[in-house]
Amino acid sequence: MKFYKIIFILIVFFKTETLFSENNLFNVDNIQLEKNDKTTNKAISDLAIKKGFQKLITKILLKEDINKLSDLNFSSIKQLVTYYQRKNTLSSKNNIELVNFNISFDKDKIHDLFYKRGILYSEISDKELYVLPILVKENEIFIFNNNYFYKNWNKVYNNDLFDLIDFILPLENIEIIKKINDNRSSLISLNIIELFQEYSDKNLALILIEDSKTSNEKIYINTIIQDKKISKSLDLKKQNLSSFEFYEKIITETKKELINLVKSNNLIDIRTPSFLNIKLKIYNKSNLVEIKKRMKEIQLIENIYVQEFNKDNMNLRIKYLGKLDKLINALKKENINLQLINDQWIIKTL
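Criteria and cut-off values
- Residues numbered from 1 in each chain as written.
- Predicted model: local features only at pLDDT ≥ 70, side-chain atom pairs only at ≥ 80, totals over all residues.
- Heavy atoms only, no water.
- Helix = DSSP H or I, 4+ residues; strand = E, 2+ residues; numbered from the N terminus.
- Buried < 20%, exposed > 50% of the residue type's maximum accessible area, 1.4 Å probe, protein only.
- Lys, Arg positive; Asp, Glu negative; His and termini not counted.
- Salt bridge = Lys/Arg side-chain N within 4 Å of Asp/Glu carboxyl O.
- Contact = heavy atoms within 4.5 Å.
- Pairing = 2+ DSSP bridges.
- Axes fitted to C-alpha atoms, helices over the stretch in contact; angles between N-to-C directions.
- pLDDT = per-residue confidence, 0-100.

Draft legend 1. Examining the side chain of Glu 217 more closely. Residue placement: Glu 217 occurs in strand β10 (residues 216–225). No salt bridge is formed by the buried Glu 217. Its closest oppositely charged neighbour is Lys 238, at 6.7 Å. When sequence neighbours within four positions are dropped, the list of residues in contact with Glu 217 reads Glu 210, Asp 211, Ser 212, Leu 234, Asp 235, Leu 236, Phe 246 and Ile 250.

Draft legend 2. How the structure looks around the pairing of strand β4 (residues 97–105). Burial within β4 is extensive, with eight of its nine residues counted as buried. The pairing of strand β2 (residues 27–35) with β4 spans seven bridges and is classified as antiparallel. Bridge pairing links Ile 31 to Phe 101 in β4.

Draft legend 3. Structural detail: the sheet that holds strand β15 (residues 313–320). The five strands lie next to each other as β14-β15-β13-β17-β16, forming an open sheet whose pairing is mixed. Of all strands in the sheet, those with a lone pairing partner are β14 (301–309) and β16 (336–341), marking the two edges. Pairwise comparison of adjacent strand axes, ignoring direction, gives a mean angle of 35° for this sheet. Bridge count for strand β13 (residues 274–281) against β15 is eight bridges, and the pairing is antiparallel. Bridge pairing in β15 links Ser 274 to Tyr 320. Against the sheet, helix α10 (residues 324–333) contacts β13, β14, β15, β16 and β17 (344–349), and its axis sits at roughly 135° relative to β16.

Draft legend 4. Seen up close, the side chain of Lys 326. Tracing the sequence through the fold places Lys 326 in helix α10. Filtering out sequence-adjacent residues up to four positions away, Lys 326 remains in contact with Glu 123, Ser 125, Asn 266 and Leu 300.

Draft legend 5. The environment of Glu 308, seen in detail. Looking at where Glu 308 falls in the secondary structure, it is placed in strand β14. With 211 residues separating them along the chain, Glu 308 and Glu 97 place their C-alpha atoms 57 Å apart. Not counting the four nearest positions on each side in its chain, Glu 308 is found in contact with Met 314 and Asn 315.

Draft legend 6. Spotlight on the pairing of strand β6 (residues 128–137). Most of β6 is tucked away, with eight of its ten residues classed as buried. Judged from the three bridges that link them, β6 and strand β8 (residues 166–168) form a sheet pairing that is parallel. When the sheet's bridge partners are listed, Tyr 130 is paired in β8 with Ile 168. Bridge analysis of β6 against strand β9 (residues 203–211) gives nine bridges, and the strand direction is parallel.

Draft legend 7. Fine view of the confidence of the model for the protein chain. Taken as a whole, the protein chain shows an average pLDDT of 86; of its residues, 91% reach a score of 70 or greater. Taking the mean pLDDT of every element in the protein chain, the minimum, 50, falls on strand β1 (residues 4–12) and the maximum, 96, on helix α3 (residues 74–78).

Here it is, written out as structure tokens:
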């Protein structure tokens, strides 16, 4: 019979207004470490913070920008922490103590760090990516059947980075098969909007994998992300990998590239905030309190200024980061409607 003992520890460093917010981009959860008798609480907490920071920047930065923070010492990283929560689990069966950490990094301090180092970060609003990997082998095209990549695309899991995107594969469809076969001589330039007609308003990716039985494989990536067409190609070396291992590597590296492409189309530049003047109709006091509460959950909003108000309306000026459409989508998720009516932006709760 197993015996478990749970210990909760919460360490708060600075401000507490965003504690436990589910929508906080700068929260890093579920960092699990093993603790032995020789490991002090301070040592394992420091290790969790290091791992948490690495997990954070992997999640929100492009791979080429992560190196810009390689010289950041631990003392500087620790000052970015708002709080961490620690849970110890003791098991009498194997005598291993597992420690799970949830860490929150301070948004303003992260912003200040990125501003000084000229780093853009990504906040992905639409995590769905409809993807179809096609295998070309010995002059045959494999779409749904006998296609290792279609069958195993979501079974190959490398790290937490893959949680950033929901990869959705289309169900077997005779129309998709026909369109691909009709364009078998020019698959690279295939119109993927026509291919994914029922998902035309979504982020799309067509992956073409040529298995040439050589030591190198070519992967072609054709995407539409937030209405922007992006094409890439990858050259992967087989090295000493078995065929199975190499196929897994192809899925892993292609997924990483797709995630980087999605990140690059959701970048936020701290150095160039935008401003939006809006009008809020005041129905009652609770209406004002509710909209303030909901907008506080939106990471893109830096500040809200009251310009003027009367008993019926309030004119606000919002300072926000990123593109206007991202702000509108973020507001929608909080059940806030923003509309342009007669050259005036009007906001109201739904």
